[in-house]
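Each chain, written out:
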Amino acid sequence: MLRLGAAPAIGDLFMNSNNEIEVVTKANLDNVEPLQIVLLLPGYRTRYPKNIIGDLYVKAMEQDGVKFVQDTVSEATAKGSYRPLIVSCDDLT
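Values in this document were obtained by computation on a predicted structure and should not be read as measured data.

Scoring rules and cut-offs
- Residues numbered from 1 in each chain as written.
- Predicted model: local features only at pLDDT ≥ 70, side-chain atom pairs only at ≥ 80, totals over all residues.
- Heavy atoms only, no water.
- Core = buried A, V, L, I, M, F, W, Y, C linked by side-chain atoms within 4.5 Å.
- Buried < 20%, exposed > 50% of the residue type's maximum accessible area, 1.4 Å probe, protein only.
- Helix = DSSP H or I, 4+ residues; strand = E, 2+ residues; numbered from the N terminus.
- Contact = heavy atoms within 4.5 Å.
- Polar contact = N/O pair within 3.5 Å; in protein donor to acceptor, adjacent residues only side chain to side chain.
- Pairing = 2+ DSSP bridges.
- Patch = residues over 30% accessible without salt bridge, like charges linked within 9 Å, V, L, I, M, F, W, Y side chains within 5 Å.
- Areas by Shrake-Rupley, 256 points an atom, 1.4 Å probe, with all protein chains shown as cover.
- Salt bridge = Lys/Arg side-chain N within 4 Å of Asp/Glu carboxyl O.
- Phe/Tyr/Trp six-rings, centres within 6.5 Å; stacked < 30°, edge-to-face > 60°.

*Asks:* So what's going on with the nonpolar core? Which residues, and what values?
*Replies:* Of all hydrophobic cores here, the largest spans eight residues; its members are L13, I21, V23, V38, L40, Y48, M61 and Y82. Of all the secondary-structure elements, those providing two or more residues to this core are β2 (21-23) and β3 (38-41). In contact with L13, other than residues within four places in its own chain, are I21, E22, V23, Q36, I37, V38, L40, R47, Y48, P49 and Y82.

Listed below in structure tokens is the structure:
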């Protein structure tokens, strides 16, 4: 957040109304809410952010020698997933 701020940034990943992962672009930036932004759990099925955050993921995994390859034993390779960056509570009663 220190580098890109608290608002959605171009290149971030977000979940659209059809529960599909998209990349924030100039064209859709004004329509993406912070609650739609997702973080990835790395794996061979995940897309990486198209900004400095994605670069940091790739750099960290390269430094640690982590590679996700689909043709290995499926139980030994992470598929990956996405999790909301921010979750709101609707009812705390």
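Now, onward.
*Asks:* Explain unusual backbone geometry residue by residue, including any values.
*Replies:* Positive phi, close to 60 degrees, is recorded for N19, a residue that is not glycine. Here N19 falls in the exposed class, since its relative accessible area comes to 59%.

*Asks:* Can you lay out the side chain of D12 for me, pointing to particular residues and giving the numbers?
*Replies:* If you trace the backbone, D12 turns up in the segment before β1 (13-15). Residue class for D12 comes out buried when judged on its relative accessible area of 12%. Within the structure, D12 has its side chain in polar contact with the backbone nitrogen of A9 (distance 2.9 Å). Polar side-chain contacts of D12 include one of 2.9 Å to the side chain of N51.

*Asks:* Describe the pairing of β3, naming the residues involved and giving the relevant values.
*Replies:* Going residue by residue along β3, you find V38 and L40 tucked away on one face and L39 and L41 left uncovered on the opposite face. Two elements, β3 and strand β4 (residues 81-84), share four bridges in a ladder whose sense is antiparallel. Across the sheet, L41 pairs through a bridge with S81, a residue of β4.

*Asks:* Residues and numbers for a nonpolar patch on the surface, please.
*Replies:* Side chains of L35, L39, L85 and I86 sit close together on the surface and give an oily, nonpolar patch of about 330 Å² of accessible area. Within the secondary structure, L85 is located in the segment after β4. A relative accessible area of 43% places L85 in the partly exposed class.

*Asks:* Lay out the environment of P49 in plain terms, naming residues and giving numbers.
*Replies:* With respect to the secondary-structure elements, P49 resides in the loop between β3 and α1 (52-63). Non-local contacts of P49, meaning those with residues more than four positions away in its chain, are made with G11, L13, L40, G54 and Y57.

*Asks:* So what's going on with the packing of aromatic side chains? Which residues, and what values?
*Replies:* Tallied over the full model, the rule gives one aromatic pair. Taking the centre distance of 6.1 Å and the plane angle of 65 degrees together, the rings of Y48 and Y57 count as edge-to-face.

*Asks:* Requested: an account of the environment of L29, with residues and values cited.
*Replies:* Summarising the element assignment, L29 is placed in the loop between β2 and β3. L29 sits in the partly exposed class, given a relative accessible area of 27%. Taking C-alpha positions, L29 is 7.3 Å from A9, a pair spaced 20 residues apart along the chain. Once residues lying within four places of it in the same chain are set aside, the contact partners of L29 are P8, A9, I10 and V24.

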